[in-house]
Amino acid sequence: MFLFRRLFHSITPEAMSAAKTKAQEIIDSNPVAVFSKSYCPYCKATKDLLDSTGAKYFLLELDQESDGSALQDALQEISGQRTVPNVYIGQKHIGGNSDLQAKKSQLKSLLTDAGAL
């Protein structure tokens, strides 16, 4: 499957390096970073949960970015997770929507500690 995806989804090493740098800078410079796709129902659930807490978060809709595919590949290298949403709180990888939803009882504390509330 990896080979198949690479045949139709070719990213140069330079583009990959730039995407990895960009993704890491977003993670490092924001208390909460959410990498999402605008049409994804799991991403919507994540954004709704964060919105309901009043959290301030950086949102990047990968399907609306020219380098979105490269960023998604870079996130897989950074966190081991390719799927969206891909959530970071306090520069720590939280995971996807189900991971965030499972932390509902701790969420306000996590967001406060990260400076996102």
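Residues numbered from 1 in each chain as written. Predicted model: local features only at pLDDT ≥ 70, side-chain atom pairs only at ≥ 80, totals over all residues. Heavy atoms only, no water.

Under the annotation held in an unreviewed UniProt entry, the protein chain carries the name Putative glutaredoxin and is attributed to Microdochium bolleyi.

Engineer: For this particular structure, what's the right way to read the packing of helix α3 (residues 41–53) against helix α6 (residues 104–114)?
Structural biologist: When two helices pack together, their arrangement is given by the angle between the helix axes and by the axis-to-axis distance. Following both chains from N to C, one finds α3 and α6 inclined at 60°, their axes separated by 11 Å at the closest point. Classified by the angle between their axes, α3 and α6 sit oblique to one another. Crossing angle aside, the handedness with which α3 passes α6 is right-handed. Residues L49, L50 and T53 of α3 pack against K104, L107, K108 and L111 of α6. For the contact of α3 with α6, the class distribution of residues is four nonpolar, one polar and two charged. (Axes fitted to C-alpha atoms, helices over the stretch in contact; angles between N-to-C directions. Helix = DSSP H or I, 4+ residues; strand = E, 2+ residues; numbered from the N terminus. Parallel < 35°, antiparallel > 145°, perpendicular 65-115°, else oblique. Left-handed = near helix turned anticlockwise from the far one by under 90°. Contact = heavy atoms within 4.5 Å. Nonpolar A, V, L, I, M, F, W, Y, C, P; charged D, E, K, R; others polar.)

Engineer: In this structure, what is going on with the pairing of strand β3 (residues 86–89)? I would like to understand it.
Structural biologist: Neither face of β3 is exposed, since N86 and Y88 on one face and V87 and I89 on the opposite face are all buried. Looking at chain direction, strand β1 (residues 32–36) and β3 are connected through four bridges and run antiparallel. By the bridge assignment for β3, V34 is matched with V87. In this sheet, strand β4 (residues 92–95) lies alongside β3 in antiparallel orientation, the contact comprising three bridges. Bridging across to β4, I89 finds its partner in K92. Taking the residues that link successive antiparallel strands as the turn, the β3-β4 hairpin has two residues, and the phi of G90 there is positive, at about 60°. (Buried < 20%, exposed > 50% of the residue type's maximum accessible area, 1.4 Å probe, protein only. Pairing = 2+ DSSP bridges.)

Engineer: Sorry, what's going on with the sheet that holds β4 here?
Structural biologist: Within a sheet, adjacent strands bond to each other through the backbone by hydrogen bonds, running parallel or antiparallel. The four strands are arranged β2-β1-β3-β4 in an open sheet whose pairing can be described as mixed. In this open sheet, the two edge strands, each paired with only one partner strand, are β2 (58–61) and β4. Averaged over all neighbouring strand pairs, the angle between strand axes comes to 20°, with direction disregarded. Sitting on the sheet, helix α2 (residues 13–29) touches β1, β2 and β3, and the angle it makes with β1 is about 140°. Seen against the sheet, helix α4 (residues 68–79) touches β1, β2, β3 and β4 and runs at an angle of roughly 55° to β3.

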